[in-house]
Amino acid sequence: QLQLEESGGGLVQPGGSLRLSCAASSDISHYFMGWYRRPPGKRTELVAEMTPVGRIDYSDSVKGRFTISRDNAENTVYLQMNSLKPEDTAVYYCTAEIVTGQDGSTWSGWGQGTQVTVSG
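Below is a summary of the structure that appears in this document.

Calculation criteria
- Residues numbered from 1 in each chain as written.
- Predicted model: local features only at pLDDT ≥ 70, side-chain atom pairs only at ≥ 80, totals over all residues.
- Heavy atoms only, no water.
- Helix = DSSP H or I, 4+ residues; strand = E, 2+ residues; numbered from the N terminus.
- Rg over C-alpha atoms; globule rule 2.2 N^0.38 Å.
- Contact = heavy atoms within 4.5 Å.
- Lys, Arg positive; Asp, Glu negative; His and termini not counted.
- Charge placed at Lys NZ, Arg CZ, Asp CG, Glu CD.
- Core = buried A, V, L, I, M, F, W, Y, C linked by side-chain atoms within 4.5 Å.
- Buried < 20%, exposed > 50% of the residue type's maximum accessible area, 1.4 Å probe, protein only.
- Disulfide = S-S within 2.5 Å.

Time to look at the overall build of the protein chain. The secondary structure content of the protein chain amounts to 0 helices and 11 strands. Taken over the C-alpha trace, the protein chain has a radius of gyration of 14 Å; the compact-globule value for 120 residues is 14 Å, and the two agree within 12%. For the C-alpha atoms alone, the extent of the protein chain along its principal axes is close to 50 × 30 × 25 Å. When contacts within the protein chain are restricted to residue pairs at least 6 apart in sequence, long-range pairs at least 24 apart make up 55% of them. Side chains of the protein chain carry 10 positive and 13 negative charges; the gap between the two charge centres is 9 Å.

Dropping the structure here:
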C-alpha cells in the first residue's frame with residue numbers, strides 16, 4: 001500500500017509562507033492527491049485536492065493563498081501556503097485515493113500529519 005510522509009510544517013508569523021511536502025512510497029500518477037487539515041478543537045477539513053489529470057479544487061478559505069502541485073516523477077505533492085493567518089493553524093495531512101474496482105470502490109491513505117502554527 002502507498003505510504004505518505006509529510007514534512008515542512010513549523011511555526012511562522014502571520015503573513016508568512018510555508019511549503020509542505022508529501023513524499024509517497026511509490027507511483028502517485030493515478031491517484032487523487034489532497035491536503036486536509038485539523039484545526040485545534042475542530043473537525044478535519046479539505047484544503048485542496050488534485051485529480052490525476054490535474055484538476056484542482058480549493059476550499060474557499062485558502063483560495064488565492066495556497067497552491068497544490070504534484071511531481072509524479074518524484075512521487076511528491078506540495079502545498080505552497082502564502083499569506084498565512086492564525087486561523088490556518090492546524091495539523092495538515094496528505095491524502096491519496098484511487099479507484100480500485102469497476103463498482104467504484106476506492107482505497108485511500110493518509111499521512112501522519114505535520115503541524116503548522118501561525119502566530120506571532
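What follows concerns the nonpolar core. Core analysis: the biggest nonpolar cluster contains 28 residues, and Trp35, Leu79, Met81 and Tyr92 have the highest contact counts within it. When residues of this core are traced back to their parent elements, those giving at least two are β3 (18-24), β4 (32-38), β5 (45-50), β7 (66-71), β8 (76-81), β9 (90-99) and β11 (114-118). If sequence neighbours within four positions are ignored, Met81 has contacts with Gly16, Ser17, Leu18, Leu20, Arg65, Phe66, Tyr92 and Val116.

To continue, consider the state of the cysteines. Under the defined criterion, the tally for this structure stands at 1 disulfide. Covalently, Cys22 is tied to Cys94 through a disulfide, its sulfur atoms 2.0 Å apart. The sign of the -80 degrees torsion about the S-S bond sets the Cys22-Cys94 disulfide as left-handed. Of this pair, Cys22 sits in strand β3 while Cys94 sits in strand β9, and the two are 72 residues apart along the sequence. Residue class for Cys22 comes out buried when judged on its relative accessible area of 1%.

Another point: the environment of Arg43. You can see Arg43 is positioned in the loop between β4 and β5. Residues Arg43 and Tyr78 lie 35 residues apart in sequence; the distance between their C-alpha atoms is 22 Å. Discounting chain neighbours no more than four positions away, the residues touching Arg43 are Arg37 and Arg38.

Now for unusual backbone geometry. Negative phi characterises most residues that are not glycine, and trans characterises most peptide bonds. Even without being glycine, Asn75 reaches a positive phi, approximately 55 degrees. As for its placement among the helices and strands, Asn75 is situated in the loop between β7 and β8. Phi angles above zero are rare outside glycine, and Ser83 is one such case at about 50 degrees. Its place among the elements puts Ser83 in the loop between β8 and β9. Judged by relative accessible area, which is 41%, Ser83 ranks as partly exposed.

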